[in-house]
Amino acid sequence: KFAARNARPDSGVTVYHNAWGLPFLADLDRAVRRISLLHSDLPHIRPILQSQLGLVDGILCVNEAIWKQARACLPSLERERIAIVPYPIAPPEGDVPRSPLRNRPIICGFVGRVVKEQKRVDRLPQLCAALDASELDYRLEILGDGPDRLSLERQFRGRSQVVFHGRKAGAAYWNVLSAWDVVVFVSDYEGLPISLLEALSVGVLP
């Protein structure tokens, strides 16, 4: 079916995100040029990188750590064919006012897909338990949506210091994000989250 959808004489440039399916599909894509775009420093990235040998014309990496691994794993690919692509973000213009921490809860935020796979949102209740045990005055805000949101909402039912914002866009997104003190990641690995760059751009610490 994949080959039939690419039955034109050539399909130009084909981009494989995180090299997904590349060794299996490369002989069917009819691409003139084949690019691998690596978003994540996956736990087992070396065999993924090595499997691309002879199949790609170039590799784009979202950070220097992935770029270094690609260079080490594919030394026969010319240096200029492995490059870093900076992630674009568009923060609001002007300074974001920050209120003092004294006499108020510290606002912790999670932003992203509300899903156990990779994002490990199943650890957020454990995080809150640890914060409770430390007697820290805090509020946890969850910005985003996903398949595990309802399960989390059930677990946090009745806890006023946990707020679910759902998915936001534009000014509404930046208004929530810029009110936080810290942005929280409970994952085992990330590539280079755009949300991390966006949070840092408005003074929120990871």
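In the block above lies the structure referred to throughout.
What you see is a predicted model, and the numbers here were worked out from it, not measured in a lab.

Caption draft 1: View of helix α7 (residues 170–177). For α7, the complete set of buried residues consists of Tyr 173, Trp 174, Val 176 and Leu 177. Looking straight down α7, one finds its buried side chains confined to an arc of 160 degrees; they lie on one side. The exposed set on the far side of α7, more than 90 degrees from its buried face, consists of Ala 171 and Asn 175. Where the residues of α7 are buried, they touch β5 (106–111), β6 (138–143), β7 (162–166) and α8 (194–201).

Caption draft 2: Layout of the packing of aromatic side chains. Following the criterion strictly, the structure yields two aromatic pairs and no others. Ring centres of Phe 156 and Phe 164 lie 6.4 Å apart, and the angle between their planes is 50 degrees; this geometry places the pair in the tilted category. Measuring from centroid to centroid gives 5.5 Å for Tyr 173 and Trp 174, while their planes differ by 85 degrees, and the two rings are edge-to-face.

Caption draft 3: Layout of the side chain of Ser 40. Relative to the elements of secondary structure, Ser 40 occurs in the loop between β2 (33–38) and α3 (45–50). Not counting residues up to four positions away in its chain, the partners in contact with Ser 40 are Asn 18, Ile 45, Ile 66, Gln 118 and Gly 191.

Caption draft 4: Spotlight on unusual backbone geometry. With phi around 55 degrees, Arg 30 is a residue other than glycine that occupies positive phi space. Mapped onto the fold, Arg 30 is located in the loop between α2 (22–25) and β2. Phi at Arg 120 is positive, roughly 55 degrees, even though this residue is not glycine. Mapped onto the elements, Arg 120 comes out in the loop between β5 and α5 (124–133).

Caption draft 5: Representation of the nonpolar core. In this structure, Ile 59, Cys 61 and Ile 82 are the most contacted members of the largest nonpolar core, which totals 20 residues. For this core, the secondary-structure elements that each account for two or more residues are α2, α3, β3 (58–61) and α4 (64–73). Per-element accounting of this core gives the leading share, four residues, to α4. Cys 108, Val 121, Cys 128 and Val 184 belong to the second largest nonpolar core, which has 15 residues in total.

Caption draft 6: Layout of the pairing of β3. Note that β2 and β3 share four bridges and pair parallel. Note on β3: the bridge partner recorded for Leu 37 is Leu 60. Here β3 pairs with strand β4 (residues 82–84) via three bridges, running parallel. Of the residues in β4, the one forming a bridge with Cys 61 is Ile 84. Handedness of the crossover is the feature at issue here: the chain leaves β3, passes through α4, returns alongside β4, and the resulting connection is right-handed.

Caption draft 7: A look at the sheet that holds β4. Spatial ordering of the open sheet is given by β1-β2-β3-β4, a layout of four strands whose pairing is parallel. The sheet terminates laterally at β1 (13–17) and β4, the two strands that pair on one side only. Each neighbouring strand pair of the sheet contributes to a mean axis angle of 20 degrees, computed without reference to strand direction.

Caption draft 8: The arrangement of the sheet that holds β7 in detail. Strand order in the open sheet made by the four strands is β7-β6-β5-β8, with parallel pairing throughout. Taken across any chain shown, the strands that pair with only one partner, and hence form the sheet edges, are β7 and β8 (182–183). Two strands pair when backbone bridges link them, and β5 and β8 are joined in this way by two bridges, in the parallel orientation. The residue of β8 that forms the bridge with Gly 109 is Val 183. Strand contacts of α5: β5, β6 and β7, with the helix running at about 165 degrees to β6, the strand carrying the most contacts. Most of the contacts of α7 go to β6, to which it runs at about 155 degrees, and overall it touches β5, β6 and β7.

Calculation criteria
- Residues numbered from 1 in each chain as written.
- Predicted model: local features only at pLDDT ≥ 70, side-chain atom pairs only at ≥ 80, totals over all residues.
- Heavy atoms only, no water.
- Buried < 20%, exposed > 50% of the residue type's maximum accessible area, 1.4 Å probe, protein only.
- Helix = DSSP H or I, 4+ residues; strand = E, 2+ residues; numbered from the N terminus.
- Arc of directions from axis to C-beta.
- Contact = heavy atoms within 4.5 Å.
- Phe/Tyr/Trp six-rings, centres within 6.5 Å; stacked < 30°, edge-to-face > 60°.
- Core = buried A, V, L, I, M, F, W, Y, C linked by side-chain atoms within 4.5 Å.
- Pairing = 2+ DSSP bridges.
- Right-handed = clockwise from strand over helix to strand, strands pointing away.
- Axes fitted to C-alpha atoms, helices over the stretch in contact; angles between N-to-C directions.

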